[in-house]
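Take a look at the letters that make up each chain.
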Amino acid sequence: MQQETQKKLIFSGIQPTGVFTLGNYIGAVRNWGILQEEYDCMYCVVDLHALTVRQNPTEFRKACYRALALLLATGLDPQKNILYFQSHVPQHCELSWLLNCYTYMGELSRMTQFKDKSEKHADNINAGLFDYPVLMAADILLYNADLVPVGADQKQHIEITRDIAIRFNNLYGDTFTVPEAYIPKSGARIMSLSEPDQKMSKSDPNANATIYMLDEPDVIVRKLKRAVTDSDSGIVFDPEKKPGISNLMNILSSLTGKTVAQIQDECSSMGYGDFKLMVAEAIVEEFRPIQERFKALEKDKQFLAQVIKDGAARASYRALRTLSKVQKRIGLPPRER
Ligand code: AQP
């Protein structure tokens, strides 16, 4: 049987749509490792979400395992956290269907991610893309998560999750915990290096726009050197007028723990070239130990398989309990056990 704790429950997920980016790391994954000491944590590789965009089957399977190995390499302990693949716990889909019936088309049409991704993938605006937030609500509500650590781009999806939970609770009595978003104070939105008014994304077709967690040091330095700044030269934090340099300051602040004001003070006499190198070095040093652990973990197929199996079993046990309660509340005929 599972051991229950009185700790608050954290749930979050990440799509295996490519190698994780510096944005994924600073905005989400890094904080997951910090939270594992204090909370009861569940972290999921949301492979079903990733199918809302076309994936090459062979590459996709590899990307799923790579995602898990990267989470472990950043320091997530499978004893302290439940780590699993979304598709291995079918209750996510079952609850998602039920919640669809308590979600309005109007609400879903307002989602910024749907609008953005519809523009980017105009040839494949599928129903899954539209319904993405309901599957995400099911992911979270299935475990009665108290907190959901995400980057700022996911705030709207947490809000709709809360609306669905409140609506359901009002109709059927207290069933779901209404979750809160847990957004980091610094680094909640890391921007593209090429278009600093766009967020950094793992599926950006322009590889120079994105730092991937598995980029070699020389690649990181090269991408930083090419990062778009402005014709001015001051290291000044002004996201409106100087979005490029402000993004780099934000990255350095998130990695060093210094405030952007401190960085502005300390680097006031530097040119853009030297400053970019300083940021590149901080990223290289941050990723070096993670990359080393990743190389070893990636080869340990037996260990990965065990983590996945244990994670799915532990998640399913919890998921079944919530799903049965929901089915009963709605009035579905009970299943013979
Ligand atoms: N640029 C970012 N800055 C800060 N946080 C970010 N996150 C994503 N991009 C940034 C956070 O990373 C977590 C996992 O994201 P996801 O895989 O669920 O999907 P996403 O938000 O759509 O991330 P990507 O990298 O942009 O993926 P693609 O390109 O596939 O769409 C989330 O907590 C997210 O907030």
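Anything mentioned here points back to the structure above.
Note that the structure is predicted; figures quoted are calculated from it, not measured. (Residues numbered from 1 in each chain as written. Predicted model: local features only at pLDDT ≥ 70, side-chain atom pairs only at ≥ 80, totals over all residues. Heavy atoms only, no water.)

Caption draft 1: Expanded view of the packing of aromatic side chains. Scanning the entire structure with this criterion turns up ten aromatic pairs. Where Tyr 25 meets Phe 287, the ring centres are 5.2 Å apart and the plane angle is 80°; that geometry is what we call edge-to-face. Here Tyr 25, found in helix H1 (residues 22-35), pairs with Phe 287, found in helix H12 (residues 272-299); they are 262 residues apart in sequence, far enough to count as distant. With a centroid separation of 4.4 Å and an interplanar angle of 5°, the aromatic rings of Trp 32 and Tyr 43 are classed as stacked. One end of the pair, Trp 32, is in helix H1; the other, Tyr 43, is in strand S2 (residues 40-45), and eleven residues separate them in sequence. Tyr 43 carries the same exposure label as Trp 32, and that label is buried. Cluster of aromatic residues (ring-pair linked, three or more members): Tyr 102, Phe 168, Tyr 172 and Phe 176. (Phe/Tyr/Trp six-rings, centres within 6.5 Å; stacked < 30°, edge-to-face > 60°. Helix = DSSP H or I, 4+ residues; strand = E, 2+ residues; numbered from the N terminus. Buried < 20%, exposed > 50% of the residue type's maximum accessible area, 1.4 Å probe, protein only.)

Caption draft 2: Molecular detail of the pattern of salt bridges. Across all of its chains, the model carries 13 salt bridges by this definition. One salt bridge in this structure joins Asp 232 and Lys 242, with 3.1 Å as the shortest N-O distance. Of this pair, Asp 232 sits in the loop between helix H9 (217-226) and helix H10 (243-256) while Lys 242 sits in the loop between H9 and H10; the two residues are ten residues apart in sequence, bridging distant segments of the chain. By relative accessible area, Asp 232 is classed as partly exposed at 47%. Here the salt bridges do not stand alone but share partners, grouping Asp 230, Asp 232 and Lys 242 into one network. (Salt bridge = Lys/Arg side-chain N within 4 Å of Asp/Glu carboxyl O.)

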